[in-house]
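# Structural characterization, general
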Amino acid sequence: MQRIGQGFDAHQFVEGRKLILGGVDVPYERGLLGHSDADVLVHAIIDALLGAAGLGVIGQHFPDHDGAYKGISSLILLQRVTDLLRDYSINNIDSTVIAQEPKLQNFFPAMRANIAKCLSIDDNRVNIKATTTEMMGFTGRKEGIAAIAVVLLTPKDRTNETI
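First things first, this report covers the structure right here in the doc. (Residues numbered from 1 in each chain as written. Predicted model: local features only at pLDDT ≥ 70, side-chain atom pairs only at ≥ 80, totals over all residues. Heavy atoms only, no water.)

### Comments concerning the side chain of Asp39
Along the chain, Asp39 turns up in the loop between strand S4 (31-32) and helix H1 (40-52). Buried charge without a salt bridge: Asp39, with Arg17 as the nearest opposite-charge side chain at an N-O distance of 10 Å. Within the local environment of Asp39, its side chain forms a polar contact with the backbone nitrogen of Gly22, the two atoms lying 2.9 Å apart. Each residue touching Asp39, except ones within four places of it in the same chain, is listed here: Ile20, Leu21, Gly22, Gly23 and Ser74. (Helix = DSSP H or I, 4+ residues; strand = E, 2+ residues; numbered from the N terminus. Buried < 20%, exposed > 50% of the residue type's maximum accessible area, 1.4 Å probe, protein only. Lys, Arg positive; Asp, Glu negative; His and termini not counted. Salt bridge = Lys/Arg side-chain N within 4 Å of Asp/Glu carboxyl O. Polar contact = N/O pair within 3.5 Å; in protein donor to acceptor, adjacent residues only side chain to side chain. Contact = heavy atoms within 4.5 Å.)

### A short note on the nonpolar core
If you look at the biggest cluster of nonpolar residues, it comprises 48 residues, and the most contacted ones within it are Leu21, Leu49, Leu78, Ile93, Met111, Ile115 and Ile145. Taken together, the elements giving at least two residues each to this core come down to strand S2 (19-21), strand S3 (24-26), H1, helix H3 (74-84), strand S5 (88-98), helix H4 (108-119), strand S6 (126-131) and strand S7 (144-155). Leave out the neighbours within four places in its chain, and Met111 touches Leu21, Gly22, Val24, Val26, Leu41, Leu104 and Ile128. (Core = buried A, V, L, I, M, F, W, Y, C linked by side-chain atoms within 4.5 Å.)

### Thoughts on unusual backbone geometry
Cis geometry marks the peptide bond from Glu101 to Pro102; its omega dihedral reads 5 degrees. Inspection of the secondary structure puts Pro102 in the loop between S5 and H4. Within the chain, Ser120 stands out as a residue other than glycine whose phi angle is a positive 55 degrees. With respect to the secondary-structure elements, Ser120 resides in the loop between H4 and S6.

### Overview of the pairing of strand S1 (residues 3-14)
As paired strands, S1 and S7 are joined by ten bridges and run antiparallel to one another. Across the sheet, residue Arg3 finds its bridge partner in S7, namely Leu153. (Pairing = 2+ DSSP bridges.)

### Some points on the packing of aromatic side chains
Tallying each qualifying case throughout the model produces two aromatic pairs. Consider the rings of Phe13 and Tyr28, whose centres lie 5.3 Å apart with planes at 40 degrees: the pair is tilted. In this pair, Phe13 is assigned in strand S1 and Tyr28 in the loop between S3 and S4, connecting sequence segments 15 residues apart. Its relative accessible area of 7% is what places Phe13 among the buried residues. Judged by relative accessible area, Tyr28 falls into the buried class, the value being 19%. For the ring pair Phe62 and Tyr69, a centre distance of 5.5 Å and an interplane angle of 80 degrees mean the geometry is edge-to-face. (Phe/Tyr/Trp six-rings, centres within 6.5 Å; stacked < 30°, edge-to-face > 60°.)

What follows is the structure, encoded as structure tokens:
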């Protein structure tokens, strides 16, 4: 039986940090506040994957009070999630970054490649889009960025595997 998961994350902008989205250093005057690299796109995808597999949320596996995760690349966390998903195949990921700025379309190929590599899937299984909120809300006021993701997992057939 296929399983669907949905994830959401949001972080506020701060001075003095790099803006990392999908593992890409996006040139911008501010970055996102967070315990790790605050990559909202990867965090939303992680939560969607964990949710689809019934494995809780990102904070259970990588708590923000644990110093081991301070400043860590979210791509490393995504790679660690693949170990938890050993009973599933990832059919596809569809995600949206919600930001008034910066414009992100030129960075999507690199983001897709980073995410696909971490998950050992073809990058055609990873879709990334961006939208604005037409100047409404915290993203519209350029106070931060949010991301949503939806994933579809299929259980692996383990009946013919040897132990």
